[in-house]
Amino acid sequence: MFGGVFGGGSSKPAQPMPGTMPPGQVQMDPNAQLAAAEQEMEMVTDMFARLNDLCYKKCLIQRYNDEELTKAESVCADRCVAKYFQVNREVSDKLAKMSAAKQ
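Residues numbered from 1 in each chain as written. Predicted model: local features only at pLDDT ≥ 70, side-chain atom pairs only at ≥ 80, totals over all residues. Heavy atoms only, no water.

A. Seen up close, the pattern of salt bridges. Taken as a whole and judged by the stated rule, the model has two salt bridges. Its salt-bridge partner being aspartate 53, residue lysine 57 comes within 3.3 Å of it at the nearest N-O pair. Taken together, the residues lysine 57 and aspartate 53, both in helix H1 (residues 30–59) and four residues apart, mark about one turn of the helix. (Salt bridge = Lys/Arg side-chain N within 4 Å of Asp/Glu carboxyl O. Helix = DSSP H or I, 4+ residues; strand = E, 2+ residues; numbered from the N terminus.)

In structure tokens:
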């Protein structure tokens, strides 16, 4: 899904042979696929908006003396984004483990 964004590998997943489904996957109808894609887009958009708002408030000086970011603003924003994704990944991993333990 977002492997590159959340620290996953950049290798492409293996492609199934034409006319076959990978083990454990169920074919979804086109309407369900579209609904899932729309929901995923909403989640990504929401996450980006929250990340943008959080790091903007935390890192950017509200006086706009320069048209470029200062070194401190740039470093703060970089760290803010990195921490946000690290926490997001850790929470996702923890929830996945909890979900797997219940099954």
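B. Broad picture of the nonpolar core. Among the nonpolar cores identified, the biggest contains seven residues, and these are Met47, Leu51, Cys55, Cys59, Cys80, Tyr84 and Phe85. A per-element tally of this core places H1 first, with four residues. Beyond its immediate chain neighbours, meaning those up to four positions away, cysteine 80 contacts Leu54, Cys55, Lys58 and Cys59. (Core = buried A, V, L, I, M, F, W, Y, C linked by side-chain atoms within 4.5 Å. Buried < 20%, exposed > 50% of the residue type's maximum accessible area, 1.4 Å probe, protein only. Contact = heavy atoms within 4.5 Å.)

C. Representation of helix H2 (residues 71–102) within the structure. Compared with an ideal rise of 1.5 Å per residue, which puts 32 residues at 46 Å, H2 spans 47 Å between its outermost C-alpha atoms and is within 8% of the ideal. For H2, the set of buried residues is Glu73, Cys80, Tyr84 and Phe85. Looking at the packing, one finds that the buried side of H2 touches H1. (Expected span 1.5 Å × (residues − 1).)

D. Region of interest: the state of the cysteines. By the definition in use, this model includes two disulfides. Bridging cysteine 55 to cysteine 80, the disulfide has an S-S length of 2.0 Å. Disulfide cysteine 55-cysteine 80: the torsion about the S-S bond is -90°, which places it as left-handed. One end of the pair, cysteine 55, is in helix H1; the other, cysteine 80, is in helix H2, with 25 residues separating them in the sequence. Given a relative accessible area of 7%, cysteine 55 falls into the buried group. Numbered by position along the chain, the disulfide-linked cysteines of the chain connect as 1-4, 2-3. (Disulfide = S-S within 2.5 Å.)

E. Representation of the side chain of glutamate 73. The topology assignment puts glutamate 73 in helix H2. Among the polar contacts listed, one links the side chain of glutamate 73 to the backbone nitrogen of threonine 70, at a separation of 2.8 Å. (Polar contact = N/O pair within 3.5 Å; in protein donor to acceptor, adjacent residues only side chain to side chain.)

F. Here's a closer look at a nonpolar patch on the surface. Taken together, the side chains of Val87, Val91, Leu95 and Met98 define a hydrophobic patch exposed on the protein surface, amounting to about 360 Å² of accessible area. Considering the arrangement of structural elements, one finds methionine 98 in helix H2. Residue classification places methionine 98 among the partly exposed positions, given a relative accessible area of 42%. (Patch = residues over 30% accessible without salt bridge, like charges linked within 9 Å, V, L, I, M, F, W, Y side chains within 5 Å. Areas by Shrake-Rupley, 256 points an atom, 1.4 Å probe, with all protein chains shown as cover.)

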